[in-house]
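Survey of secondary and tertiary structure
Listed below, chain by chain, are the residues.
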Amino acid sequence: MSSEALVEIRDVNFAYDSRPILKGINMTFPKGKLVAIMGLSGCGKTTILRHIGGVLKPTRGYVKVDGQVIHDLDQDGLYRMRRKMGMLFQFGALFTDMTVYDNVAFQMREHTDLPEEIIHDLVMMKLHAVGLHGTQDLLPAELSGGMARRVALARTIALDPMLIMYDEPFAGLDPISLTVVGQLIRRLNDALGATSVVVTHDVQESLKIVDYIYFVSDGAIIAEGTADDIRASGETFVHQFVYGEMDGPIPFHYPGGNYNMDLGVGA
Amino acid sequence: MAIVSSLRGIGSRVVNGVWRIGYATRFFLMTLLYSGASFRRFHLTVKEMFSSGVMSLIIILVAGMFVGMVLGLQGYETLKRYGSESALGTLVALSLVRELGPVLAALLFASRAGSAMTAEIGLMKATEQISAMEMMAVNPIARVIAPRFWGGVISLPLLTAMFSSLGVFGGYVVGVVLIGVDEGSFWSQMQAAVDFQHDVLNGVIKSFVFGVAVTVIALFEGYDAPPTAEGVSGATTRTVVQSSLAILILDFILTAFMFRGD
Ligand SMILES: Nc1ncnc2c1ncn2[C@@H]1O[C@H](COP(=O)(O)OP(=O)(O)O)[C@@H](O)[C@H]1O
Ligand SMILES: [Mg+2]
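Now for a quick tour of the structure. Values in this document were obtained by computation on a predicted structure and should not be read as measured data.

This next bit is on the layout of surface pockets. By volume, the largest pocket amounts to about 860 Å³. Around the largest pocket, the lining is made up of 29 residues, and of these Lys125(B), Ile130(B), Glu134(B), Pro140(B) and Tyr223(B) lie nearest the centre. Sorting the residues of the lining of the largest pocket by element identifies helix H2 (75-82) of chain A together with helix H1 (2-33), helix H4 (88-126), helix H5 (129-135), helix H6 (140-179) and helix H8 (196-224) of chain B as the ones contributing at least two each. Looking at the lining of the largest pocket residue by residue, the class counts come to 19 nonpolar, three polar and seven charged.

The subject of this paragraph is a nonpolar patch on the surface. Together, Val241(B), Leu245(B), Ile249(B), Phe252(B), Ile253(B) and Phe257(B) make up a nonpolar patch on the protein surface, roughly 660 Å² of accessible area in all. Structurally, Val241(B) can be placed in helix H9 (residues 229-258).

Here we take up the site of ligand 1. Residues and elements named next belong to chain A. Neighbouring ligand 1 are Tyr16, Arg19, Ile21, Leu40, Ser41, Gly42, Cys43, Gly44, Lys45, Thr46 and Thr47. At 2.7 Å, a side-chain N or O of Arg19 approaches an oxygen atom of ligand 1. Cys43 has a polar backbone atom sitting 3.4 Å from an oxygen atom of ligand 1. Against a free-state accessible area of 560 Å², the protein chains account for coverage of 64% of ligand 1.

With that settled, the discussion passes to the sheet that holds strand E6 (residues 85-88) of chain A. All names here are of chain A. The strand order across the open sheet built from six strands is E6-E7-E8-E3-E9-E10, with neighbouring strands paired in mixed fashion. Looking along the sheet, the strands with just one partner apiece sit at the ends: E6 and strand E10 (220-225). In this sheet, neighbouring strand axes are inclined to one another by 15 degrees on average, regardless of whether the strands run parallel or antiparallel. Strand direction decides the pairing type here: strand E9 (residues 212-217) and E10, joined by five bridges, are antiparallel.

A few words now on the packing of H1(B) against H8(B). Residues and elements named next belong to chain B. Between H1 and H8, the least distance of the axes is 10 Å, while the angle of their chain directions is 110 degrees. As the angle between them shows, H1 and H8 are arranged roughly perpendicular. Every residue of H8 that contacts H1 at Arg20, Tyr23, Ala24, Phe27 and Phe28 is listed here: Val212, Val216, Leu219, Phe220, Glu221, Tyr223 and Asp224. Among the residues forming the contact of H1 with H8, the class breakdown is nine nonpolar, no polar and three charged.

Attention now goes to helix H4 (residues 116-129) of chain A. All names here are of chain A. An ideal rise of 1.5 Å per residue puts 20 Å on 14 residues; H4 measures up with 20 Å between its terminal C-alpha atoms. What H4 keeps buried is the set Ile119, Val123, Met124, Lys126 and Leu127. What you see down the axis of H4 is that its buried residues fit within an arc of 165 degrees, all on one side. Those residues of H4 that are exposed and aimed more than 90 degrees away from the buried face are Glu117, Met125 and His128. Elements in contact with the buried residues of H4: helix H3 (100-111) and helix H5 (145-156). The positive-phi residue at the C-terminal boundary of H4 is Gly131, with phi of around 75 degrees.

Axis angle and axis distance: for two packed helices, these are the angle between their axes and the distance between the axes, and together they describe the pair. Residues and elements named next belong to chain B. Where helix H3 (residues 42-81) contacts H4, the axes come no closer than 9 Å and their chain directions differ by 150 degrees. Here H3 lies roughly antiparallel to H4, going by the angle between them. Considering only the axes of H3 and H4, their crossing is right-handed. The residue makeup of the contact of H3 with H4, split by class, is 20 nonpolar, five polar and one charged.

Take the interface of chain B and chain A next. Counting residues at the interface gives 18 residues for chain B and 22 residues for chain A. When the two sides are added together, the surface that chain B and chain A hide from each other amounts to roughly 1800 Å², 58% of it contributed by carbon and sulfur. On inspection of chain B and its partner chain A, the count reaches four salt bridges. Where Arg41(B) meets Glu110(A), a salt bridge forms, and the shortest distance between an N and an O atom there is 3.1 Å.

Further remarks concern the nonpolar core. Ile9(A), Phe29(A) and Ile52(A) are the most contacted members of the largest nonpolar core, which has 57 residues in total. Of all the elements, H6(B) adds the most residues to this core, at six residues. Residue contacts for Phe29(A): discarding those within four places in its chain leaves Ala5(A), Leu6(A), Val7(A), Ile9(A), Val35(A), Ile37(A), Ile52(A), Thr195(A), Val197(A) and Tyr214(A). Among the nonpolar cores identified, the runner-up in size contains 48 residues, and Leu34(A), Val151(A), Leu173(A) and Phe237(A) belong to it.

This part covers the pattern of salt bridges. For the structure on display, the rule yields 25 salt bridges over all chains. Between Asp97(A) and Arg148(B) there is a salt bridge, with its nearest N and O atoms 3.7 Å apart. You can see Asp97(A) sitting in the loop between E6 and H3 and its partner Arg148(B) sitting in helix H6, one on each of two chains. Between Arg238(B) and Glu221(B) there is a salt bridge whose closest N-O contact spans 3.0 Å. Taken together, the residues Arg238(B) in helix H9 and Glu221(B) in helix H8 connect sequence positions 17 residues apart. Residue Arg238(B) is classed as partly exposed on the basis of its relative accessible area, which comes to 34%. Overall, Glu221(B) belongs to the buried group, its relative accessible area being 2%.

This part covers the pairing of strand E3 (residues 34-38) of chain A. All names here are of chain A. Counting buried positions along E3 yields five of five residues, so the element is predominantly enclosed. Burial along E3 is two-sided: Leu34, Ala36 and Met38 and Val35 and Ile37, pointing in opposite directions, are all buried. As defined by bridge partners, E3 adjoins strand E8 (residues 195-200) across five bridges and the pair is classed as parallel. In the sheet register, Ala36 faces E8, and the bridge partner there is Val198.

Moving on to unusual backbone geometry. A positive phi is found at Asp17(A), a non-glycine position, where the angle reads about 35 degrees. One can find Asp17(A) in the loop between strand E1 (5-16) and strand E2 (19-30). Although it is not a glycine, Glu128(B) adopts a positive phi angle of roughly 65 degrees. Following the sequence through the fold, Glu128(B) ends up in the loop between H4 and H5.

Rules used in this analysis
- Residues numbered from 1 in each chain as written.
- Chains lettered and ligands numbered in written order.
- Predicted model: local features only at pLDDT ≥ 70, side-chain atom pairs only at ≥ 80, totals over all residues.
- Heavy atoms only, no water.
- 1 Å grid on protein atoms, 1.4 Å probe; cavity = no way out; pocket = protein on both sides within 12 Å on 5 of 7 lines; lining within 4 Å.
- Points joined across faces, edges and corners; volume = space filled by probe spheres on them.
- Helix = DSSP H or I, 4+ residues; strand = E, 2+ residues; numbered from the N terminus.
- Nonpolar A, V, L, I, M, F, W, Y, C, P; charged D, E, K, R; others polar.
- Patch = residues over 30% accessible without salt bridge, like charges linked within 9 Å, V, L, I, M, F, W, Y side chains within 5 Å.
- Areas by Shrake-Rupley, 256 points an atom, 1.4 Å probe, with all protein chains shown as cover.
- Salt bridge = Lys/Arg side-chain N within 4 Å of Asp/Glu carboxyl O.
- Near = heavy atom within 4 Å.
- Polar contact = N/O pair within 3.5 Å; in protein donor to acceptor, adjacent residues only side chain to side chain.
- Pairing = 2+ DSSP bridges.
- Axes fitted to C-alpha atoms, helices over the stretch in contact; angles between N-to-C directions.
- Parallel < 35°, antiparallel > 145°, perpendicular 65-115°, else oblique.
- Contact = heavy atoms within 4.5 Å.
- Expected span 1.5 Å × (residues − 1).
- Buried < 20%, exposed > 50% of the residue type's maximum accessible area, 1.4 Å probe, protein only.
- Arc of directions from axis to C-beta.
- Left-handed = near helix turned anticlockwise from the far one by under 90°.
- Buried area = accessible area lost by both parts, 1.4 Å probe.
- Core = buried A, V, L, I, M, F, W, Y, C linked by side-chain atoms within 4.5 Å.

Functional significance is not addressed by these values, which are geometric in nature.
Here you go:
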């Protein structure tokens, strides 16, 4: 990967109460690229995003965003940095007491002094970009899952962030919405000139849209490469993951001791 | 061994309780510290006053009316024994303004608006709305908590005033219209006996203090709730129980300072 890096994660270790979650993570997200982080549930993907957003602090190593070490920033510096980031939460996290319009306008009202007419035009443009022009007066409860995800996407890009993070943007979507959201993520990244990180375990969809992929298992990177590298990968874990096979290095059984002993059959 | 483990249980509960009080105090101070936006952008606070105030309005009005009517009946029965039915207006008004208005309105407010606040904040946290706000570089204490705090603190005295007014009206309906106490003495004795500073102002101070207690408990419980369905429902129950107790205990303390020796 040649171009300049927007995010650098170097040897990051992290533990929740002495239980290690991340074990020496190294990642680079070059400017303008769309990178995926894949892995099983609980392997630490969201934890990595939280480090980039400065919510968590690594116990060793560092995370640099736009040249600055994120966990060395004070509260003001962190908030200034976060204004340049957008994060799409799993299930959208739309503000349920606000209309679609107010959700998308939220950051514009909080962070800018733009007059209401300009905010109106910007909101319409953002909604148009995700194909939901005309839904501005609806409440989040009135949207389908796929529409809610797209509104959340419009809200995420409200202030044209340089870095967009997506936490499982495909979770719980029907196949059509899933393709729509996938294509949007690619298009928005290129149109905004942003850098995007997609956390997902939807291999087939992400292989279609991303530039580079990191595979995480149990807090460490076990494979990385472009979509073609990954498809062709001989690594058994990657193969099992990509093709959804039951047999492979990822065990079906929880490490639960001796089954025969529990049945009383003896070892 | 049983003694040791039960002692240990008591100890850990006490330690946890003290930690929670510490967290709640810090939460309260942060709310005050980040209250600037609630006043600079007062429409945020007005919106919360509207939702917590209007939500409790009907129940407050109905309850106030009936409490006043009961006071009218009971007060008449008692005063008649001493031949001083004409003091009914005084009795109804003083009971309401000093005690029943602030306390009952606060209890109703806690169970109606307080529990709703806890559930709302708890759900906002469970659905990651609070985290989303933080990632958008917006301080949730300033944007979500403080306007609800001030909305509640301003609403409750207003609701209390309405409770007491309707209560006086209820007492009037029962005492004067139904039983036939002299209307002139009902109102004039009331006017003569109720002192603005000693009675009305103290009642307002009480309901202000109750408003702070109820909203802080409700918001803290919601903010601190585990992000699950059981977590939120447990927090809602705790809000009602704790704020009811807090209201009654604070009422005793405030009354002891305000009305001793007369
Ligand atoms: N607040 C927390 N406290 C303790 N453990 C946590 C917390 N959040 C997540 N974990 C644990 O950290 C591990 C990684 O979580 P996460 O990064 O959310 O996984 P995922 O890859 O599914 O996004 C999981 O085993 C989870 O149980
Ligand atoms: Mg996750």
